[in-house]
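Each chain is listed here by its residues.
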Amino acid sequence: MRLAIFADIHANRQAFSACLEFARARGAERIVCLGDIVGYGADPEWAVDTVMDLVDDGAIAVIGNHDHAISTPSESMNAVAQAAIEWTRGRLSAQQRRFLAELPLTRREDDRLYVHSEASHPARWHYVRDTPDAARSIAATDAHVTFCGHIHRPALYSMSSAAKMTSFVPTSDVPVQLLGGRRWLAVLGSVGQPRDGDPAASFAMLDTTSREVTYCRVPYDVEAAADRIRANGLPHWLADRLLVGK
Amino acid sequence: MVKPLIEPGAELDGFTIGERVHQGGMATLWTVTHPGITMPLLMKVPRVAEGEDPAAIVSFEMEQMIVPRLAGPHVPGCFGTGDFDRQPYVVMERIPGKTLYSRIDQLPIPYEEARVIGGQIATALADLHRQNVIHHDIKPSSIMFRPSGECVLIDFGLSHHNQLPDLLQEEFRLPYGTAPYMAPERLLGVRDDPRSDLFSLGVLLYFFTTGERPFGESETLRGMRRRLWRDPYPPRRLKPDYPLWLQEIVLRCLEIEPVWRHPTASQLAFELAHPEQVKLTARSERLQRDPLSTVWRRRFNRGLTLPKPKSDVAAQLAAGPIVVVALDTEEGSGTLNECLRRTAAQLLQTLPSARLACLNVLRLGRITIDRTLDEQGNNKHIDRMVALRHWAQPLELDESRLTVHVLEAVDPAAAILEFTRVNHVDHVVIGARQNSMLRTLLGSVSAKVAAEAACTVTVVRPPPSAVTQG
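Keep in mind the model is a prediction, meaning the values are calculated, not measured. (Residues numbered from 1 in each chain as written. Chains lettered and ligands numbered in written order. Predicted model: local features only at pLDDT ≥ 70, side-chain atom pairs only at ≥ 80, totals over all residues.)

### Digging into the overall build of chain A
Broken down by element type, chain A carries eight helices and twelve strands. For chain A, the C-alpha radius of gyration of 17 Å lies close to 18 Å, the compact-globule estimate for 246 residues. Seen through its C-alpha atoms, chain A measures out along the principal axes to roughly 50 × 35 × 35 Å. Counting all 246 residues of chain A, 48% fall into the buried class. Of all intrachain contacts in chain A linking residues separated by at least 6 positions in sequence, the fraction that spans at least 24 positions is 72%. (Helix = DSSP H or I, 4+ residues; strand = E, 2+ residues; numbered from the N terminus. Rg over C-alpha atoms; globule rule 2.2 N^0.38 Å. Buried ≥ 20, exposed ≤ 12 C-beta atoms within 10 Å, placed from the backbone. Contact = placed C-beta atoms within 7 Å.)

The following block contains the structure:
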């Protein structure tokens, strides 16, 4: 089966639409959302409705820290993120807010674990910045592969049976076989707010038969998404950073 | 789960196990057959029992990832892999014959034979590097030859794929590989420079032509580290008849700094294919190693060979293309040749590692093979070489980046295409004549080259005003 896995959509309608279309064209049969459906972007209602529809059709979704902050004020967010959350909260219906609040922290499917931040303390929203962070997450689960997002920069870590770590920055469109003799942490880039210097939307596909993960980059109408942010009175910096992917 | 046993007659994923043909430190090789495959096959099974070397597992994982992605005549075909959660294996084409290691008691071999073998290996490396893979274990026992003469590289357990996770990068603090052949930068943890393979090929060529290993056989880290500052004795010191061009090539491969080696394996293959055009530098005549002052400077100024940031293999290869400019030296080609030179200059400006081969075709009559033309033909040949060098002179290229070639052929386009294919040329720059009577009579050479070449072709036309002026 082919899975399309999306992280950090952040209410970016243009980016998420482009990714969904791209994934379907590549034969995606199942959708997984790794959280942060909202926050930063200007189309939270559309984003939540879209994910709700996908979940009705069998998709899996877990909660991200921005989704969580809609119902539970967070002290750790910076001012810009906080402003976007306040604005988003005002836009969402009670039903949409409830959908976000009820999303699980993690989901397990076969030998795969889905989580927004990392597996050792999913509710603490730690970032996977380097190999020790990745090792902590892998050690906390017996899943063959964990998929997470949160840091907005794609990376692929592995741990051998002797607990040696490797790290790797994936090359777009080159499938990587997740070898059975080691365990993996696939950190996804962001659909709606890439921060690795490439403004194109980022997601990944997994072929569960061949066990190959393919990181994908999808160019989309960044200007339109940035215009929506400015037109809605959100901090302009959130629009500017989309253009450079930083 | 019961593990399927690997033993004669057993079946695994459709492969029937035959006999055990090799038992090595890292893996065991079995012959296997498959009803749908007529080619002779080998199954490689890693030794992963308790107490075995953990490197055996990791290097098997690297092969498992890399081998299925490789293609072309210079690697064994891959027909299936099995993962560790059941039974790890890789099934590959069985290359008939022995490895180059079988020649080891016949060393030294003749220079000409070494040149041919070296060219075949360099060509195979160029093909591998183009597939984003660095072999990292080039030595006689990982080199085989097809009956057709093509070199086949085997054993990818230490290889690096520039677009896949490198499981050996952080697994081991000591570099894994074969000590006598290992490039100095490998000792500093660098695994993503394709020129490391050129160093190993240089060791092999040195060994095969002198009978001596340039850095001895030391397996200790201390002994291996000496190559970070100590250069080997020049081959001419061991063998006074050693050809200058060969010493130039071998010592360039063995440069401590990768940037001083040939920029790409293709360029090394090109030099080995055209020994008469190798630019001889001070390297070619040396009889002594570097003076102690140089050695000490290297040893105590490690900054000179500090690891570089991660490189992009494809970008590195693209920066060192072989560019051919096909020139017509007949009278009346002045304007066009000027335009060709301008185009070549622009290309070379952006590609500091590119090498330029200037090509001219001496057209032969279809039926004039009489011997009286011989002497005149020779003179023409030299005249053309002089004209090509004259054309290239304003480009002010270093001699090591420039070669000139006069081909004799009935069909110029076919000759250019053949040269391009044999020498793995990356880019052809060729002029198109406007309103030429020859073109009308003979068809366009540039059109045929552009249509049929396997590489990029730039067709240069003079601006319209220049055409009308003549």
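### A closer look at the packing of helix α2 (residues 111-130) of chain B against helix α3 (residues 195-210) of chain B
Two measures define how a pair of helices packs: the angle their axes make with one another and the distance between the axes. All names here are of chain B. Put simply, α2 and α3 touch, their axes get as near as 10 Å, and they point 165° apart. Regarding the angle of α2 to α3, the classification is roughly antiparallel. You can see that α2 and α3 cross each other, and the crossing is right-handed. Contacts between α2 and α3 pair Y111, A114, G118, I121, A122 and L125 from the former with D197, L201, L205, F208 and T209 from the latter. Residues of the contact of α2 with α3, tallied by class, amount to eight nonpolar, two polar and one charged. (Axes fitted to C-alpha atoms, helices over the stretch in contact; angles between N-to-C directions. Parallel < 35°, antiparallel > 145°, perpendicular 65-115°, else oblique. Left-handed = near helix turned anticlockwise from the far one by under 90°. Nonpolar A, V, L, I, M, F, W, Y, C, P; charged D, E, K, R; others polar.)

### Describing the interface of chain B and chain A
Facing the 17 residues of chain B at the interface are 15 residues of chain A. Each residue belonging to the side of chain B that touches chain A can be placed in one class, and the counts come to eight nonpolar, three polar and six charged.

### A word on the nonpolar core
Formed by 181 residues in total, the largest nonpolar core has its most connected members in I5(A), L34(A), F203(A) and V325(B). Per-element accounting of this core gives the leading share, nine residues, to α3(B). Not counting residues within four places of it along the chain, the set of residues in contact with F203(A) comprises A4(A), I5(A), F6(A), C19(A), A23(A), L188(A), V191(A) and C216(A). (Core = buried A, V, L, I, M, F, W, Y, C linked by C-beta atoms within 7 Å.)

### Let's talk about the sheet that holds strand β11 (residues 201-207) of chain A
Residues and elements named next belong to chain A. Reading across the sheet, the six strands line up as β3-β2-β1-β11-β12-β9 and stay open at both edges, with mixed pairing between neighbours. Single-partner strands in this sheet number two, and they are β3 (60-61) and β9 (176-177). Inspection of the sheet shows strand β2 (residues 30-33) paired to β3 by two bridges, in the parallel sense. Considered in β3, the bridge of V32 is made with I60. Together, β1 (2-6), β11 and β12 (212-218) form the strand contacts of helix α1 (residues 13-25), whose direction differs from that of β11 by roughly 25°. (Pairing = 2+ DSSP bridges.)

### Description of the sheet that holds strand β12 (residues 355-363) of chain B
Residues and elements named next belong to chain B. Read from one edge of the open sheet, five strands run β13-β12-β11-β14-β15, paired in parallel fashion. Of all the strands in the sheet, just β13 (402-409) and β15 (456-460) have a single pairing partner and so form its edges. On average, adjacent strands in this sheet sit at an angle of 20° to one another, irrespective of strand direction. When strand β11 (residues 322-326) meets strand β14 (residues 427-431), the two strands line up parallel, connected through four bridges. Residue pairing across strands places V324 opposite V428, the latter belonging to β14.

### With respect to the packing of α2(B) against helix α7 (residues 265-273) of chain B
Residues and elements named next belong to chain B. For the pair α2 and α7, the least separation of the axes is 8 Å and the interaxial angle reads 160°. Between α2 and α7, the interaxial angle falls into the category roughly antiparallel. Handedness of the crossing formed by α2 with α7: left-handed. Residue-level inspection shows R115, G118, G119, A122, T123, L125, A126 and H129 of α2 in contact with α7, the latter providing A265, S266, L268, A269, L272 and A273. The residue makeup of the contact of α2 with α7, split by class, is eight nonpolar, five polar and one charged.

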